Amino acid sequence: MCTDYIGKLNHLKSTIHRKVKAGQVGDILKITSSPEDASREAKELYSNFDKTFLAIYPDFVQEVNHLLQEEKRYPVKTDKTLNHELRVFALVKLGITDSQQIATFLNYSLRTVYNYRSKVKSKAIRPEEDFEEKIKKYRYLTRWAVHT
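Sequence order as written defines residue numbering, which begins from 1 separately in each chain. The predicted origin of the model limits local features to residues at a pLDDT of at least 70 and limits the giving and counting of side-chain atom pairs to 80 or more, whereas totals for whole chains, interfaces and linings rest on all residues. Based on all heavy atoms of the structure, the side-chain values leave hydrogens and waters out of the count.

Details of the overall build of the protein
Next, step 1: Runs of E in the DSSP output that reach at least two residues are strands. Runs of H or I that reach at least four are helices, and both are numbered from the N terminus. Looking only at helices and strands, one finds nine helices and zero strands in the protein.
Next, step 2: For the protein, the sequential pattern of α-helices and β-strands runs α-α-α-α-α-α-α-α-α.
Next, step 3: Taken against the 2.2 N^0.38 rule, which gives 15 Å for 148 residues, the C-alpha radius of gyration of the protein at 20 Å runs more than 25% over that of a compact globule.
Next, step 4: In terms of overall dimensions, the protein has a C-alpha envelope of 70 × 30 × 25 Å along the principal axes.
Next, step 5: Any residue under 20% of the maximum accessible area for its type is buried, any over 50% is exposed, and the rest in between are partly exposed; the area is computed with a 1.4 Å probe on protein chains only. Looking at the protein as a whole, 29% of its 148 residues qualify as buried. Both definitions apply: the radius of gyration is a C-alpha atom measure, and the globule rule equals 2.2 Å times residues to the power 0.38.

What follows is the structure in structure tokens.
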């Protein structure tokens, strides 16, 4: 994924360089002020993240669901995507626990990250226990939850 983005960045850099040399400032302004490109890139990044993460941890959603009250569990999507809340906890599973880092990666506000974390934890079967530690430590939460 990183090499794809480096390639795109190099292409953008060479395009801008060419346009600067040609004096095409208007074209450069169009390229650099288009929010659609950034939005499209972000969607692609999160889609690639979800697919890659779920390839490594295919049972992640089911494992998280075993920690949640039955009526508050997340549906398992067939399109290999995570919702916003589960994506936050996917990063926690990978060891990224700093809310500011999560917010930066997901382009969320710090408050949004705190809200998503709280919302998921409030659905837990045992909310007083260390939910995030369970997410991080247990490769197979299903087995762990059944044996405790």
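Here the narrative resumes.
A closer look at the nonpolar core
Next, step 1: Here, nonpolar core refers to any group of buried Ala, Val, Leu, Ile, Met, Phe, Trp, Tyr and Cys residues whose side-chain atoms link them within 4.5 Å. Ranked by size, the top nonpolar core spans 27 residues in total, and within it Phe53, Phe60, Leu82, Phe89, Phe131 and Ile135 carry the most contacts.
Next, step 2: Counting only elements with at least two residues in this core, the list comes to α3 (35–56), α4 (60–65), α5 (84–93), α6 (99–106), α7 (110–122) and α8 (131–137).
Next, step 3: Tallying contributions element by element places α5 first for this core, with six residues.

Some remarks on α5
Next, step 1: Counting buried positions along α5 yields nine of 10 residues, so the element is predominantly enclosed.
Next, step 2: Burial in α5 covers these residues: Glu85, Leu86, Arg87, Val88, Phe89, Ala90, Leu91, Val92 and Lys93.
Next, step 3: In this analysis, two residues are considered to be in contact whenever any of their non-hydrogen atoms come within 4.5 Å of each other. Packed against the buried residues of α5 are α3, α4, α6, α7 and α8.

Some thoughts on the packing of α3 against α5
Next, step 1: Only the stretch in contact is used when a helix axis is fitted, and all axes are lines through C-alpha atoms; the angle between N-to-C directions ranges over 0 to 180 degrees. Running from amino to carboxyl end, α3 crosses α5 at an angle of 55°, the nearest separation of the two axes being 11 Å. Classified by the angle their axes make, α3 and α5 are oblique. Between α3 and α5 lies a crossing of left-handed hand. Two secondary-structure elements touch here, α3 through Tyr46, Phe49, Asp50 and Phe53 and α5 through Arg87, Ala90, Leu91 and Lys93.
Next, step 2: Taken together, the residues that form the contact of α3 with α5 break down as five nonpolar, no polar and three charged. An angle counts as roughly parallel when it lies under 35 degrees, as roughly antiparallel when it exceeds 145, as roughly perpendicular when it falls between 65 and 115, and as oblique in every other case. Less than a right angle of anticlockwise turn of the near helix away from the far helix marks a crossing as left-handed, whereas a clockwise turn marks it as right-handed. Charged residues are taken to be Asp, Glu, Lys and Arg, nonpolar residues to be Ala, Val, Leu, Ile, Met, Phe, Trp, Tyr, Cys and Pro, and polar residues to be all remaining types, Gly included.

Looking at the environment of Val76
Next, step 1: When you line up the elements, Val76 lands in the loop between α4 and α5.
Next, step 2: With a relative accessible area of 47%, Val76 lands in the partly exposed category.
Next, step 3: Filtering out sequence-adjacent residues up to four positions away, Val76 remains in contact with Val61 and Gln62.

Function cannot be read off these values alone, since they describe shape.
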